[in-house]
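These are the residues of each chain, in order.
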Amino acid sequence: MNKNICIEFKNVSKSYKDLLALDDISFQIPKGEIFGYIGPNGAGKTTSIKILVGLIQKYNGNVFIHGNNITLEKKNYHRLIGYHPQEAGFQEWRTIDHCFKTFGRLSGLTSKEIEHRTQEILDLINLSEVRYKKIVHLSGGMFQKLRLGQALLNEPQILVLDEPLSGLDPNMRFQFKKIIKKLGKSGITILFSSHILNDVQNIADKIGILNKGKILTIGSPEELQNSFHIGNILEIIVAKNTPLCENLEDLTNVDYVENIKSIKQLIHLKSDADIDLSITSIFELLIQQKCKIRTFNLVKPSLEEVYLKYVGGETE
Amino acid sequence: MSLLLLFFDELKGYAKSKVMIVLWFGLPLLSFLVQFISPQTLEGMPISSLVALIVSSIGGTLSAIMLSTSIVSEKNRHVYELFLIRPVRRSSLILAKYLAVYLCLVIAVSISLTVGLVIDAITGDLIENYLEITFESLIIGLSSMSITCSIGIFFGVLVSSVPLAAILSVYLGSQLSSIIILPTFFIEILNPGILALSLGVVITIVIMSINVIVFSKKQF
């Protein structure tokens, strides 16, 4: 067992009656990594997360934390994990302070530790001012922050965040991403699920794409982009009112050029194209035609395109 | 450890709820008002007995509704997930709720009975063996409330609709809790107090065991 591996799913399957929610998934998350776990709704993200945090105990396969099987080490791993659930609510008669006290004691913290951690966390998530406010009076964003706050109470080594950004306004999303990045830098291993790619794009060290209970691919954002071939596309942006659009037909005579989308100034090259040769020829022709070229770029697939291709969606 | 912590936690929550204010102050007040506004309708009945009767019947039903609806609502809002990811037994969550509400009921009955007995003593309505009668009513009332509360939890754990849980708790809870005094109608030699206590304890333990098993199998 590699000591650097923090979380490991090994051949994990889970069914709900006739529905196969997880189909023999296996993956590893090294210590200190932020792992973006993405997939459409119903892909199996929450099921695998609930297995990891111990809410689902009947499944096939094995899940390891620091090399220990979680079914055999139940008591010990509770303290290692902080969990931000997708939907969980709080008893509304509680104040934030009361909530932290209860969860802190249940997690085995002393009163002194709870006080210290409560202040520290409320400062981090900007909820200090409403510490003694009843939960029923909190806004949606504050409620979401409270979910994150309780997950941090026991100073977890592993943070499991199930759709932490869903339902947040842009400003709150920005704040949340900032907090998650900060936590990631502190060395916590973070498993972060979302069905929106933008949520994980700038945060995750690695991304795992899940669909219909199967892990389709895992890699760093760059690896995913590089591994996914969508053809050679050149993007040319020219100054306004240049004759590029009028003389596009001439470009089709250049070797390897397959077709040209005039609206976006995208030039699709044949898959076997010699990129260097083609670019030089295209450049020469455009210069002859006195085009004022602003930028000239070999387009890579965006992560969104990669994601949509994997989960069966359609790109433009 | 977690049971004790959750018990005091739940107690704090229920003690602040409006239902408990009704139980602790509203019902005794209602009983006294009935006695003072229309004393002839309750001729011969000490106010302490009337209060015990009202608190145990209405109080038990109210508590069952409160328990069932709060459990359904908390289940639907996934409140228990945040407890269960910590080292907390599922049985502790259910038992803490039951014990907290039951203790609130005992407090309500105690307040009502004490005030009732004081008023009876002042107004001179104390009948010859009032202590024995009052004690017997108290035992029957507490046993009945215990069953009603456990049935409230049963429907809370079992169903997913708040209105359905409330309706089932009202009708079946109060009906089933009367089981404890039924045998005395057919077998006269049975002491109603002892019988109610024995049946109350046994039935409560059985229902609560079922509740714990069903709750443990729930997927959160």
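This text follows the structure it describes.
Quantities reported herein were computed from a predicted structural model and do not represent experimental measurements.

## Quick notes on the overall build of chain B
Stage number 1. When its secondary structure is counted, chain B shows 9 helices and 0 strands.
Stage number 2. Each helix and strand of chain B, placed in order from N terminus to C terminus, yields the pattern α-α-α-α-α-α-α-α-α.
Stage number 3. A principal-axis box enclosing the C-alpha atoms of chain B has dimensions of 60 × 40 × 35 Å.
Stage number 4. Per-residue burial for chain B yields a buried fraction of 41% across its 220 residues.

## Considering the sheet that holds strand 2 (residues 19-30) of chain A
Residues and elements named next belong to chain A.
Stage number 1. Reading across the sheet, the 4 strands line up as 2-1-4-5 and stay open at both edges, with antiparallel pairing between neighbours. Of all the strands in the sheet, the pair left with one neighbour each is strand 2 and strand 5 (68-69).
Stage number 2. Of the pairings in the sheet, the one linking strand 1 (residues 5-16) to strand 4 (residues 60-65) comprises 5 bridges and is antiparallel in character. Along strand 4, the bridge assignment pairs Ile 7 with Ile 65.
Stage number 3. Lying over the sheet, helix 1 (residues 45-53) contacts strand 1, strand 2 and strand 4, oriented at roughly 120° with respect to strand 1.

## Concerning the interface of chain A and chain B
Interfaces are often sized by the amount of accessible area the parts lose when they come together.
Stage number 1. Between chain A and chain B, the contact holds 19 residues from the first and 18 residues from the second.
Stage number 2. The biggest single contributor to the side of chain A that touches chain B is helix 3 (residues 96-106) of chain A, with 4 residues.
Stage number 3. Tallied by class, residues from the side of chain A that touches chain B come to 9 nonpolar, 7 polar and 3 charged.

## Comments concerning the packing of helix 1 (residues 2-15) of chain B against helix 5 (residues 90-123) of chain B
All names here are of chain B.
Stage number 1. Contact geometry of helix 1 with helix 5 gives a least axis separation of 8 Å together with a crossing angle of 45°. If you check the angle between helix 1 and helix 5, you find them oblique. Seen from above, helix 1 lies across helix 5 with right-handed handedness. On helix 5, the residues that touch Ser 2, Leu 3, Leu 6, Phe 7, Glu 10, Leu 11, Tyr 14 and Ala 15 of helix 1 are Ser 92, Leu 93, Leu 95, Ala 96, Lys 97, Leu 99, Ala 100, Val 101, Leu 103 and Cys 104.
Stage number 2. Looking at the contact of helix 1 with helix 5 residue by residue, the classes come out as 14 nonpolar, 2 polar and 2 charged.

## What to know about the packing of helix 3 (residues 47-76) of chain B against helix 5 of chain B
All names here are of chain B.
Stage number 1. Two numbers describe how helix 3 lies on helix 5: the axes approach to 9 Å, and their chain directions differ by 160°. The orientation of helix 3 with respect to helix 5, classified from their angle, is roughly antiparallel. Here the hand of the crossing between helix 3 and helix 5 comes out right-handed. In this structure, helix 3 uses Ile 47, Ser 48, Val 51, Ala 52, Val 55, Ser 56, Gly 59, Ser 63, Met 66, Leu 67 and Ile 71 to contact helix 5, whose residues at the interface are Lys 97, Val 101, Leu 105, Ala 108, Val 109, Ser 112, Leu 113, Gly 116, Leu 117, Ile 119 and Asp 120.
Stage number 2. For the contact of helix 3 with helix 5, a count of residues per class yields 14 nonpolar, 6 polar and 2 charged.

What counts as what
- Residues numbered from 1 in each chain as written.
- Chains lettered and ligands numbered in written order.
- Predicted model: local features only at pLDDT ≥ 70, side-chain atom pairs only at ≥ 80, totals over all residues.
- Helix = DSSP H or I, 4+ residues; strand = E, 2+ residues; numbered from the N terminus.
- Buried ≥ 20, exposed ≤ 12 C-beta atoms within 10 Å, placed from the backbone.
- Pairing = 2+ DSSP bridges.
- Contact = placed C-beta atoms within 7 Å.
- Axes fitted to C-alpha atoms, helices over the stretch in contact; angles between N-to-C directions.
- Nonpolar A, V, L, I, M, F, W, Y, C, P; charged D, E, K, R; others polar.
- Parallel < 35°, antiparallel > 145°, perpendicular 65-115°, else oblique.
- Left-handed = near helix turned anticlockwise from the far one by under 90°.

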